[in-house]
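# Results of the structural survey
The chain contents come next:
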Amino acid sequence: MADPGLEADGLTLGYAGEAVVRALSARIAPGRITALIGPNGSGKSTLLHGLSRLIRPMGGAVLLDGATLQDQPSRAVARRLAVMPQRPEAPEGLTVRELVAQGRYPHRGPLGAWTAADGAALERAMAAARVTAFADRTLDTLSGGQRQRVWIALALAQDTAYLLLDEPTTFLDMAHQIEVMETLVEANRSRGTTIVAALHDLNQAARYAHDLIAMAGGAVVAHGPAPHLVTAELIARVFGVEARVTLDPMLGVPVCVPLGLARPPAR
């Protein structure tokens, strides 16, 4: 039977009673990387929060494995879905190994005993995120890119089918952004992890994601494979920017070159 995936079904989300995302429906394709794109205030982070059960729907539902996410036990959800928030925080003084080990909590038995299986999963996660070399260092001694990879390792240690990330490359320089995105690509390739990430950088999304969900005004404007979705028309509609879109001859992915703010049509 095919994996029913992660779905938003008529989903309305918001804060303090005010809707940000309205009656939105979308299905995340299992085994692929999906990027949520759109301008500030478009609802992409709010949608990610709803998909990860960080906020409760005002209407509609999120479905995981065909069942309403909100009704499933927290431990069962944590075994299927891992979340990396935009600004994760950890207690001071924790080493990388100690932090990543917390990802095994959903799999621990009633007495919480650490098992050989937990140890093996921990080592696999650190290796996959390329953080083994500084496993005994504390987070405050690491660079921004290294810290992001540690948080990804924590999520990978949960050994889930789905990994949701809110702007994982924000505030990182170019090299660290590439480092983080390549870590996610490898997790998808080697583990089959379904990844959903809210991203600011359209070119980054087009390069690393299989699928894009373009949002504006709390609604989905377009949803589909990245090579077909990134067009000058879509960029003008979603971002209000006039752009030239070319195909990278080496990578075979669309590249957006902004030219200026889109001009409203003449009357």
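Residues numbered from 1 in each chain as written. Predicted model: local features only at pLDDT ≥ 70, side-chain atom pairs only at ≥ 80, totals over all residues. Heavy atoms only, no water.

Quick look at unusual backbone geometry now. With a phi angle near 70°, Arg 53 is a residue other than glycine that sits in the positive phi range. Backbone geometry places Glu 167, a non-glycine residue, at a positive phi of 50°. Among the secondary structure elements, Glu 167 is positioned in the loop between strand S7 (162-166) and helix H6 (174-191). Look at Glu 167 and you get buried, because its relative accessible area is 8%. (Helix = DSSP H or I, 4+ residues; strand = E, 2+ residues; numbered from the N terminus. Buried < 20%, exposed > 50% of the residue type's maximum accessible area, 1.4 Å probe, protein only.)

This part takes up the pattern of salt bridges. A full pass over the atoms with the stated rule returns 9 salt bridges. Note that Asp 118 and Arg 104 form a salt bridge whose closest N and O atoms lie 3.0 Å from each other. Placement of the pair is Asp 118 in helix H4 (residues 116-128) and Arg 104 in the loop between helix H3 (96-101) and H4, with a sequence separation of 14 residues. Of the two residues, Asp 118 and Arg 104, both sit in the buried class. (Salt bridge = Lys/Arg side-chain N within 4 Å of Asp/Glu carboxyl O.)

Spatial strand order, S2-S1-S4-S5: 4 strands in an open sheet with antiparallel pairing. Taken across any chain shown, the strands that pair with only one partner, and hence form the sheet edges, are strand S2 (18-28) and strand S5 (67-68). Two strands pair when backbone bridges link them, and strand S1 (residues 6-15) and strand S4 (residues 59-64) are joined in this way by 5 bridges, in the antiparallel orientation. Bridging from a neighbouring strand, Leu 6 pairs with Leu 64 of S4. (Pairing = 2+ DSSP bridges.)

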